Amino acid sequence: MKALIFTRYAKSDNIAFTDLPRPILKPDEMLVEVHAVGLNPVDAMIPKGSFKPFLRFQLPATLGSDLAGVVTEVGSRVTRFKPGDAIFASLFDSGTGSLAEYAVVPEKAAALKPSNLDFVQAASIPMVGLTAWQALKERARVKPGQKVFIPAGSGGIGTFAIQLAKHLGAKVATTTSTGNVDLVRSLGADEVIDYKKQEFETVLRDYDVVLGTVKGDSIKKSVGILKSNGSIVSLVGPPDAAFGRTRGMNFFMKFVFGLLSGKIIRQARKKGAAYSFLFVHPDSGQLAEIGKLLTVGTIRPVIDKVFPFEQAKEALAYLEKGRAKGKVVVQMR
Ligand SMILES: NC(=O)c1ccc[n+]([C@@H]2O[C@H](COP(=O)([O-])OP(=O)(O)OC[C@H]3O[C@@H](n4cnc5c(N)ncnc54)[C@H](OP(=O)(O)O)[C@@H]3O)[C@@H](O)[C@H]2O)c1
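Keep in mind it's a predicted model, so treat the numbers as computed, not measured.

Side note on the domain arrangement of the chain
For the chain, the assigned domains read domain 1 (2-125 + 301-331) and domain 2 (128-277). The centre of domain 1, based on its C-alpha atoms, is set 26 Å off from the matching centre of domain 2. In this complex, domain 1 contributes 15 residues to the contact, which on the side of domain 2 involves 19 residues. When the buried area of domain 1 at its contact with domain 2 is split by residue, F54, I125 and V302 rank highest and sum to 44% of it. For D93, the salt bridge goes to R247, with nearest N and O atoms at 2.7 Å. Taken together, the connections running from domain 1 to domain 2 amount to six residue pairs in polar contact (both at pLDDT 80 or more).

Comments concerning the packing of aromatic side chains
In this structure the tally under the stated criterion is 17 aromatic pairs. Taken together, a centroid distance of 5.9 Å and an interplanar angle of 50° make the contact between F307 and Y318 tilted. Remark: Y318 occurs in helix α10 (residues 312-320) and F307 occurs in strand β15 (residues 303-308); sequence separation between them is 11 residues. Linked through ring pairs, F51, F54, F92, F243, F257, F277 and F279 together constitute an aromatic cluster. Over the face of the ring belonging to F309 we find K2, whose NZ or CZ atom lies 5.4 Å from the ring centre. In this structure, K305 is placed above the aromatic ring of Y318, and the distance from its NZ or CZ to the ring centre is 4.9 Å.

Focus: the sheet that holds strand β13 (residues 226-234)
If you trace the six strands from one edge of the open sheet to the other, you get β11-β10-β9-β12-β13-β14, paired in parallel fashion. Either end of the sheet is taken by a strand with one partner, and the two such strands are β11 (191-194) and β14 (274-277). Pairs of neighbouring strands in the sheet enclose a mean axial angle of 15°, with direction left out of account. Here helix α4 (residues 156-167) sits on the sheet and contacts β9 (147-150), β10 (171-176) and β12 (207-212); the angle it forms with β10, its principal contact strand, is near 165°.

As for the site of the ligand
Lining the immediate surroundings of the ligand are 23 residues, of which S154, S177, Y195, L278 and A324 lie closest. One of the backbone N or O atoms of G156 is found 2.8 Å from an oxygen atom in the ligand. V280 places a main-chain nitrogen or oxygen 2.8 Å from an oxygen atom of the ligand. About the coverage of the ligand: the protein hides 85% of its 940 Å² of free accessible area. Among the elements of the structure, α3 (126-139), α4 and β10 are those that each provide at least two residues to the shell around the ligand. Classifying every residue of the shell around the ligand by side-chain character gives 12 nonpolar, 10 polar and one charged. Both domains that meet at the shell around the ligand, namely domain 1 (2-125 + 301-331) and domain 2 (128-277), each give it at least three residues.

Considering the layout of surface pockets
The space that makes up the second largest pocket amounts to roughly 640 Å³. Around the second largest pocket sit 24 residues that line it, and P23, T62, G95, T96 and V104 are the ones nearest its centre. Of all the secondary structure elements, the ones that give two or more residues to the lining of the second largest pocket are β4 (61-62) and β7 (102-106). The element that contributes the greatest number of residues to the lining of the second largest pocket is β7, accounting for four residues.

Notes on a nonpolar patch on the surface
On the surface, F251, F252, F255 and L259 cluster together to form a nonpolar patch covering roughly 520 Å² of accessible area. Within the element layout of this structure, F251 appears in helix α8 (residues 251-270).

Regarding the sheet that holds strand β1 (residues 2-6)
Taken in spatial order, the three strands line up as β2-β1-β4 in an open sheet, and their pairing is antiparallel. Unpaired on one side and paired on the other, β2 (15-19) and β4 mark the two borders of the sheet. Here β1 pairs with β4 via two bridges, running antiparallel. The residue of β4 that forms the bridge with F6 is A61.

Quick notes on the pairing of β12
By the criterion of burial, β12 is predominantly enclosed, with six of the six residues buried. Alignment of β9 against β12, held across two bridges, turns out to be parallel. Residue V148 lies in a different strand from β12, and its bridge partner there is V209. With five bridges joining them, β12 and β13 adopt parallel strand pairing.

About the thresholds
Residues numbered from 1 in each chain as written. Predicted model: local features only at pLDDT ≥ 70, side-chain atom pairs only at ≥ 80, totals over all residues. Heavy atoms only, no water. Domains from an automatic or database assignment. Contact = heavy atoms within 4.5 Å. Buried area = accessible area lost by both parts, 1.4 Å probe. Salt bridge = Lys/Arg side-chain N within 4 Å of Asp/Glu carboxyl O. Polar contact = N/O pair within 3.5 Å; in protein donor to acceptor, adjacent residues only side chain to side chain. Phe/Tyr/Trp six-rings, centres within 6.5 Å; stacked < 30°, edge-to-face > 60°. Helix = DSSP H or I, 4+ residues; strand = E, 2+ residues; numbered from the N terminus. Lys NZ or Arg CZ within 6 Å of the ring centre and 35° of its normal. Pairing = 2+ DSSP bridges. Axes fitted to C-alpha atoms, helices over the stretch in contact; angles between N-to-C directions. Near = heavy atom within 4 Å. Areas by Shrake-Rupley, 256 points an atom, 1.4 Å probe, with all protein chains shown as cover. Nonpolar A, V, L, I, M, F, W, Y, C, P; charged D, E, K, R; others polar. 1 Å grid on protein atoms, 1.4 Å probe; cavity = no way out; pocket = protein on both sides within 12 Å on 5 of 7 lines; lining within 4 Å. Points joined across faces, edges and corners; volume = space filled by probe spheres on them. Patch = residues over 30% accessible without salt bridge, like charges linked within 9 Å, V, L, I, M, F, W, Y side chains within 5 Å. Buried < 20%, exposed > 50% of the residue type's maximum accessible area, 1.4 Å probe, protein only.

Structure follows, in structure tokens:
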């Protein structure tokens, strides 16, 4: 079967199409005929080695995390799915990849595809949906009436997170560039700051929750807009010691993460607020809940561009430019 793999960790020239044998299943895994693969920035970062200390791959490894497709075979211990089921899943952190004609999907990473979505739409959801869910619902426990700041509202995370925060009853502020103002308003953002014209920290006040989606000094500036008991959940770092503990890292790495995040944690604490780093994890139960919100139309997928499988490398390069309006998806068949 055809797959897009990386052969070694390097900044370039390490990604290629190849022919792989059909994978052999473990008892808790399923073989899935992949119809579409939603891309995330992490998919381009993994082959460069950015996640080498946290994510284990046996090289050569198949690229890609999110997928939607049809189950063709199930392992002996799989109970919730059968051949013929249409599913969507995130393979992030499971050591396997999705940019292939067939993918090995652990049962615990999959949920039934929402019937109203096509494969491209469904494949665009798992990582951004799970990340937003785990940050806003699980970690920050957003409540009706709270004020939530979601920077980069036009990105993959932003387009989903705005809709989820609105569903949770929050008042949502976001940043975007001029051309994307209408898009983020259509998703429900109450306050839209055109970051080309204004700086968010001069406009926003008394926020309960900030979702950290933009690298650079945006996280530091976010502390200034928080309420005294507010919280920042960062997706872009710095990683904290709690992250090191949950990944089972050694004392040295936990110490390093503690140092990296110490300053921002102290700045937040001075205001009586909290900082934490979130690293998304697969969760089929949460994905099924997200599927229900998609089925009833509470949340809609936002797709920027669809590439054929043969152009998967171009799709990754397009995503890496950081200007996608919603999601970039590779259509496999
Ligand atoms: N920790 C985790 O578990 C986790 C999980 C998922 C994602 N992430 C991280 O979260 C970040 C966001 O992911 P994503 O999927 O949303 O990325 P993305 O889709 O590639 O983001 C692109 C969007 O970001 C906007 N943008 C770029 N710079 C901006 C700025 N300074 N202010 C406002 N908007 C800006 C762009 O809009 P304009 O063209 O208008 O600038 C574009 O629409 C990435 O760094 C990703 O690696 C982390």
